[in-house]
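Topology and contacts: notes
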Amino acid sequence: VQLQASGGGLVQAGDSLRLSCAASGRTFSSYAMGWFRQAPGKEREFVATISRSGGRTHYADSVKGRFTISRDNAKNTVYLQMNSLKPEDTAVYYCAAETSLERYDYWGQGTLVTVSS
């Protein structure tokens with residue numbers, strides 16, 4: 001599966017953004033999907049994940065209550081709605097498909113989110 005992330009940009013603290021990740025192929029609904037991010041000079045970190053049906057989600061503590069992951073299997077797309085953005089949310093955001101438990105083998109190219117204070 002090929003993944004294409006989009007929706008990043010430059011916003012101010014407190015603003016919102018919605019990231020999208022479009023997947024190619026007919027097997028999108030067979031993968032749990034995740035969002036990760038990597039800030040400058042830091043390691044990549046987990047942000048959120050959603051089950052194949054969309055019925056279960058899980059978030060990093062740092063984004064819980066502010067970010068919402070969702071998916072539309074008919075459109076082969078997973079979303080990350082980011083509200084109340086903070087400067088520390090600045091990072092390149094990646095979407096990924098989970099091929100086995102906590103293993104992500106397919107990655108999008110990343111989309112940059114910059115939050116100014």
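In what follows, the structure referred to is the one given above.
Residues numbered from 1 in each chain as written. Predicted model: local features only at pLDDT ≥ 70, side-chain atom pairs only at ≥ 80, totals over all residues. Heavy atoms only, no water.

**Re the overall build of the protein chain**
For the protein chain, the count of helices and strands is zero helices and eleven strands. Radius of gyration (C-alpha) of the protein chain: 13 Å, near the 13 Å computed for a compact globule of 117 residues. Counting only C-alpha atoms, the protein chain reaches 40 × 25 × 20 Å along its principal axes. Each of the 117 residues in the protein chain was classed as buried or not, and the buried ones make up 43%. A sequence separation of at least 24 residues applies to 52% of the contacts in the protein chain between residues at least 6 apart. When the accessible surface of the protein chain is split by element, carbon and sulfur atoms take 45% of a total near 6400 Å². Taking the average place of the 13 positive charges on the side chains of the protein chain and the average place of its 10 negative ones, the gap between the two points comes to 6 Å. (Helix = DSSP H or I, 4+ residues; strand = E, 2+ residues; numbered from the N terminus. Rg over C-alpha atoms; globule rule 2.2 N^0.38 Å. Buried < 20%, exposed > 50% of the residue type's maximum accessible area, 1.4 Å probe, protein only. Contact = heavy atoms within 4.5 Å. Areas by Shrake-Rupley, 256 points an atom, 1.4 Å probe, with all protein chains shown as cover. Lys, Arg positive; Asp, Glu negative; His and termini not counted. Charge placed at Lys NZ, Arg CZ, Asp CG, Glu CD.)

**Describing the sheet that holds strand E1 (residues 3–6)**
The sheet built from four strands is open, its strands ordered E1-E3-E8-E7 with antiparallel pairing. With one partner strand each, in any of the chains shown, E1 and strand E7 (67–72) form the two edges of the open sheet. Between one strand axis and the next, the sheet turns through 15° on average, direction left out of account. (Pairing = 2+ DSSP bridges. Axes fitted to C-alpha atoms, helices over the stretch in contact; angles between N-to-C directions.)

**What about the layout of surface pockets?**
Within this model, the largest pocket holds a volume of roughly 340 Å³. Taken together, 17 residues line the largest pocket, and the ones lying closest to its centre are Ala32, Thr49, Ser51, Arg56 and Glu98. A breakdown of the residues in the lining of the largest pocket according to their chemical character gives five nonpolar, eight polar and four charged. (1 Å grid on protein atoms, 1.4 Å probe; cavity = no way out; pocket = protein on both sides within 12 Å on 5 of 7 lines; lining within 4 Å. Points joined across faces, edges and corners; volume = space filled by probe spheres on them. Nonpolar A, V, L, I, M, F, W, Y, C, P; charged D, E, K, R; others polar.)

**Focus on the nonpolar core**
Ranked by internal contacts, the top residues of the largest apolar core, which has 30 residues, are Trp35, Leu80, Met82 and Tyr93. If you list the elements that add at least two residues to this core, you get E1, strand E3 (17–23), strand E4 (32–38), strand E5 (45–50), E7, strand E8 (77–82), strand E9 (91–100) and strand E11 (111–116). Contacts of leucine 80, omitting those with residues within four sequence positions, involve Leu17, Arg18, Leu19, Trp35, Val47, Ala48, Phe67, Thr68, Ile69 and Tyr93. (Core = buried A, V, L, I, M, F, W, Y, C linked by side-chain atoms within 4.5 Å.)

**Looking at the pattern of salt bridges**
All chains considered together, the criterion is met by five salt bridges. Residues aspartate 89 and arginine 66 are paired through a salt bridge, measuring 2.7 Å at the closest nitrogen-oxygen approach. On the criterion of sequence distance, the pair formed by aspartate 89 in the loop between E8 and E9 and arginine 66 in the loop between strand E6 (57–59) and E7 is long-range, its members being 23 residues apart. Taken individually, aspartate 89 and arginine 66 each receive the classification buried, so the pair is uniform in this respect. (Salt bridge = Lys/Arg side-chain N within 4 Å of Asp/Glu carboxyl O.)

**Quick notes on the packing of aromatic side chains**
For the structure on display, the rule yields five aromatic pairs. With a centroid separation of 5.9 Å and 70° between ring planes, the pair formed by tyrosine 31 and tyrosine 106 is classed as edge-to-face. Placement of tyrosine 31 in the loop between E3 and E4 and of tyrosine 106 in strand E10 (residues 103–107) is noted, with a sequence separation of 75 residues between them. Under the relative-accessibility criterion, tyrosine 106 is labelled partly exposed at 31%. The ring centre of tryptophan 107 lies 3.9 Å from the NZ or CZ of arginine 44, which sits over that ring. (Phe/Tyr/Trp six-rings, centres within 6.5 Å; stacked < 30°, edge-to-face > 60°. Lys NZ or Arg CZ within 6 Å of the ring centre and 35° of its normal.)

**Some points on unusual backbone geometry**
Positive phi outside glycine occurs at asparagine 76, with the angle close to 55°. Mapped onto the fold, asparagine 76 is located in the loop between E7 and E8. By relative accessible area, asparagine 76 is classed as buried at 18%. Not every positive phi belongs to a glycine, and serine 84 is a case in point at roughly 50°. Tracing the sequence through the fold places serine 84 in the loop between E8 and E9. A relative accessible area of 41% places serine 84 in the partly exposed class.

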